Amino acid sequence: RFEVNGEGFAVSGRKLIDPGFTRVMKSGEMQDIEVPDFRVGETCALDSLDMSNHKTRPPPYLSESDLLTLMDKHGIGTDASMATHIQNIQ
C-alpha cells in the first residue's frame, strides 16, 4: 500500500509455487504477476491505469434457525430466553 497526494493505492501480485491441480487444467492457468520491489521516494512511469467502481451488498438476513444457532454458539441467552430475544428484534 502506498499514498500519492493523499490518495491511497495498493498493488498486488502472485507467484505460482506449485501448480497442483491446475497442472492438468486446459484453461485459466495461473500466470505469475510480478511486482517490482519499490523503495520509499522512488518514482516510476505509469504504463496504464484502470479505474473501477464497485458496490458492496449487505449479507442476507438470518433465518430464525440461523440466529438461534449463532446465539447458542456465542452463549447469548438461555433456552428459555431465546424466544424473547428473537421477538424483540423482529
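Model, not experiment: these values are computed from the prediction. (Residues numbered from 1 in each chain as written. Predicted model: local features only at pLDDT ≥ 70, side-chain atom pairs only at ≥ 80, totals over all residues. Heavy atoms only, no water.)

1. Description of the overall build of the protein
Note the following rule: Only DSSP runs of H or I covering at least 4 residues are called helices, and only runs of E covering at least 2 are called strands; the numbering of each starts at the N terminus. Throughout, radius of gyration means the C-alpha value; the globule benchmark is 2.2 Å times the number of residues raised to the power 0.38. The cut-offs for exposure are 20% and 50% of the maximum accessible area for each residue type, with area from a 1.4 Å probe on protein chains only; residues under the lower value are buried, those over the upper are exposed, and the others partly exposed. In this analysis, two residues are considered to be in contact whenever any of their non-hydrogen atoms come within 4.5 Å of each other. Exposure was quantified through the Shrake-Rupley algorithm and a 1.4 Å probe, taking into account, for residues, occlusion by the shown protein chains and nothing else. For the charge count, each Lys or Arg is scored as positive and each Asp or Glu as negative, with His and the chain ends excluded. Lysine's charge is taken at NZ, arginine's at CZ, aspartate's at CG and glutamate's at CD.
Of regular secondary structure, the protein possesses two helices and two strands. When its helices and strands are written in sequence order, the protein yields β-β-α-α. For 90 residues, the compact-globule estimate of 2.2 N^0.38 gives 12 Å, and the protein exceeds it by more than 25% at 24 Å. In terms of overall dimensions, the protein has C-alpha extents of about 65 × 45 × 25 Å along its principal axes. Taking all 90 residues of the protein together, the buried fraction comes to 6%. Contacts spanning at least 24 positions in sequence make up 6% of the contacts within the protein whose residues lie at least 6 apart. If you sum the accessible surface of the protein, you get close to 9,200 Å²; carbon and sulfur atoms cover 54% of it. Distance between charge centres in the protein, computed from 9 positive and 14 negative side chains, equals 5 Å.

2. What about the packing of helix H1 (residues 64–73) against helix H2 (residues 82–89)?
Which entries qualify depends on this criterion: Fitting a line to C-alpha atoms yields each axis, with helices limited to the stretch in contact; the angle taken between N-to-C directions then spans 0 to 180 degrees. For this classification, under 35 degrees means roughly parallel, over 145 means roughly antiparallel, 65 to 115 means roughly perpendicular, and everything else is oblique. Each helix crossing is assigned a hand: it is left-handed if the near helix lies turned anticlockwise from the far helix by less than a right angle, otherwise right-handed if that turn is clockwise. Residue polarity is assigned by list, with Asp, Glu, Lys and Arg as charged and Ala, Val, Leu, Ile, Met, Phe, Trp, Tyr, Cys and Pro as nonpolar; anything else, Gly included, falls into the polar class.
At a minimum axis separation of 11 Å, H1 and H2 run at an interaxial angle of 125°. Relative to H2, the element H1 lies oblique. Relative to H2, H1 is oriented so that their crossing is right-handed. From H1, Glu-64, Leu-67, Leu-68, Met-71 and Asp-72 reach across to H2, where they touch Met-82, His-85, Ile-86 and Ile-89. Its residues assigned to classes, the contact of H1 with H2 shows six nonpolar, one polar and two charged.

3. A word on the environment of His-74
Along the polypeptide, His-74 turns up in the loop between H1 and H2. We classify His-74 as exposed; its relative accessible area is 53%. Sequence separation of His-74 and Arg-57 is 17 residues, and the distance between their C-alpha atoms is 25 Å.

4. What to know about a nonpolar patch on the surface
Convention followed: Two joining distances apply to patches: 9 Å for like charges and 5 Å for nonpolar side chains (Val, Leu, Ile, Met, Phe, Trp, Tyr), and every residue must have over 30% relative accessible area and no salt bridge. Whenever a carboxyl oxygen of Asp or Glu lies within 4 Å of a side-chain nitrogen of Lys or Arg, that contact is scored as a salt bridge.
Taken together, Phe-2, Val-4, Phe-9, Val-11, Val-35 and Phe-38 make up a surface patch of nonpolar side chains, about 490 Å² in accessible area. Within the secondary structure, Val-11 is located in the loop between strand S2 (7–9) and H1. Residue class for Val-11 comes out partly exposed when judged on its relative accessible area of 46%.

5. Re the environment of Asn-88
Along the chain, Asn-88 turns up in helix H2. On a C-alpha basis, the gap between Asn-88 and Asn-53 in space is 38 Å, while along the polypeptide they are 35 residues apart.

6. Some details on the environment of Val-4
Relative to the helices and strands, Val-4 is located in strand S1 (residues 2–4). You can call Val-4 partly exposed: its relative accessible area is 40%. Measuring from C-alpha to C-alpha, the distance between Val-4 and Thr-43 comes to 11 Å, with 39 residues separating the pair along the chain.

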